Amino acid sequence: MAQIKYGKDGMELDVTPVSRWYDEGCEEPCLEYEIGLYYKDTPLFSDEFAKKFLALKDAQAPHLSTFILNVLASGQPDNWIMLEPKVSVFMAPKTALGCACRGEMPGQTPFFMEIKLDQNILADQPCAPYSDTGLSLKLEAPRERWAEFARQLETEETDFED
């Protein structure tokens, strides 16, 4: 499980790739991620909800780790990826990069990631009408910590027995 601590007082996001498969005729794998949010090692989501809080990467989308590393490398403010079932992930630097006047140390530029559930994830039927749940997680951490998180995640994304 890849974990990143953010904010103050022990808040933590973890993302765990739980399955990988290949669609017929596709070279890139599909992945299923389980997303968790913790406060001092205590899950903030009930077990019933957590079972439904999954994000699927299809064969056309980059791995989540690749997405994070590309955002960190480019430093561009307009970066997002859509995972099913309608989980959008947006990531950007908190402020414009390269401003020495802020006194930031290299590698310490804060980046934020916003994970938003666009589908009614609590619906019991898989084909329920889409609706905005209003659940949006906004996480902020230094570039260095995001890079470490992405490297942990990348190891797990590729560590499946085929």
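Anyway, here's the lowdown on the structure attached to this text.

What counts, and at which threshold
Residues numbered from 1 in each chain as written. Predicted model: local features only at pLDDT ≥ 70, side-chain atom pairs only at ≥ 80, totals over all residues. Heavy atoms only, no water. Helix = DSSP H or I, 4+ residues; strand = E, 2+ residues; numbered from the N terminus. Buried < 20%, exposed > 50% of the residue type's maximum accessible area, 1.4 Å probe, protein only. Contact = heavy atoms within 4.5 Å. Areas by Shrake-Rupley, 256 points an atom, 1.4 Å probe, with all protein chains shown as cover. Core = buried A, V, L, I, M, F, W, Y, C linked by side-chain atoms within 4.5 Å. Expected span 1.5 Å × (residues − 1). Pairing = 2+ DSSP bridges. Axes fitted to C-alpha atoms, helices over the stretch in contact; angles between N-to-C directions. Parallel < 35°, antiparallel > 145°, perpendicular 65-115°, else oblique. Left-handed = near helix turned anticlockwise from the far one by under 90°. Nonpolar A, V, L, I, M, F, W, Y, C, P; charged D, E, K, R; others polar. Salt bridge = Lys/Arg side-chain N within 4 Å of Asp/Glu carboxyl O.

**What about the overall build of the chain?**
Okay, so step 1: A tally of regular secondary structure across the chain gives three helices and nine strands.
Okay, so step 2: Listing every helix and strand of the chain by position from the N terminus yields β-β-β-β-α-β-α-β-β-β-β-α.
Okay, so step 3: The buried share among the 162 residues of the chain stands at 40%.
Okay, so step 4: At a minimum sequence separation of 6, the contacts of the chain that also span at least 24 residues come to 56%.
Okay, so step 5: Accessible surface, the chain as shown: approximately 9,400 Å² in total, 51% of it carbon and sulfur.

**Comments concerning the nonpolar core**
Okay, so step 1: If you look at the biggest cluster of nonpolar residues, it comprises 31 residues, and the most contacted ones within it are Leu 64, Ile 68, Met 91 and Trp 146.
Okay, so step 2: Broken down by secondary-structure element, the contributors of at least two residues to this core are strand 2 (11-21), strand 3 (30-39), helix 2 (64-74), strand 6 (80-83), strand 7 (87-93), strand 8 (110-117), strand 9 (136-142) and helix 3 (143-158).

**Quick look at helix 3**
Okay, so step 1: Under the 1.5 Å per step criterion, the end-to-end length of helix 3 is 23 Å for 16 residues, consistent within 8% with the ideal 22 Å.
Okay, so step 2: Considered for burial, the residues of helix 3 that qualify are Trp 146, Ala 147, Phe 149, Ala 150, Leu 153, Glu 156 and Glu 157.

**Details of the sheet that holds strand 7**
Okay, so step 1: Pairing in this open sheet of four strands is antiparallel, and the strands run 6-7-8-9 from one edge to the other. Pairing within the sheet leaves two strands with one partner each, and these edge strands are strand 6 and strand 9. Strand-to-strand twist in this sheet, taken as the mean axis angle between neighbours without regard to direction, amounts to 15 degrees.
Okay, so step 2: Where strand 7 meets strand 8, seven bridges bridge the pair, whose relative direction is antiparallel. Note that in strand 8 the partner of Ala 92 across the bridge is Phe 112.
Okay, so step 3: Across the sheet, helix 2 is in contact with strand 6, strand 7 and strand 8; its angle to strand 7 comes to roughly 25 degrees.

**Observations regarding the packing of helix 2 against helix 3**
Okay, so step 1: The contact between helix 2 and helix 3 brings their axes to 8 Å, and the two run at 155 degrees. Looking at the two axes, helix 2 sits roughly antiparallel to helix 3. Handedness of the helix 2/helix 3 crossing: left-handed. When helix 2 is examined against helix 3, the residues Leu 64, Ser 65, Ile 68, Leu 69, Leu 72 and Ala 73 are found in contact with a partner set consisting of Arg 143, Trp 146, Ala 147, Phe 149, Ala 150, Leu 153, Glu 154 and Glu 157.
Okay, so step 2: For the contact of helix 2 with helix 3, a count of residues per class yields 10 nonpolar, one polar and three charged.

**Topic: the pattern of salt bridges**
Okay, so step 1: Summed over the entire model, instances satisfying the criterion amount to one salt bridge.
Okay, so step 2: Salt-bridge contacts for Glu 140 lead to Lys 94; the nearest nitrogen and oxygen are separated by 3.5 Å. Residue Glu 140 is found in strand 9, and its partner Lys 94 is found in the loop between strand 7 and strand 8; the two are separated by 46 residues along the sequence.
Okay, so step 3: Given the relative accessible area of 48%, Lys 94 is considered partly exposed.

**With respect to the environment of Leu 64**
Okay, so step 1: Note that Leu 64 resides in helix 2.
Okay, so step 2: Given the relative accessible area of 6%, Leu 64 is considered buried.
Okay, so step 3: Other than its neighbours up to four places away in sequence, Leu 64 contacts Val 15, Tyr 33, Ile 81, Val 89, Leu 153 and Glu 157.

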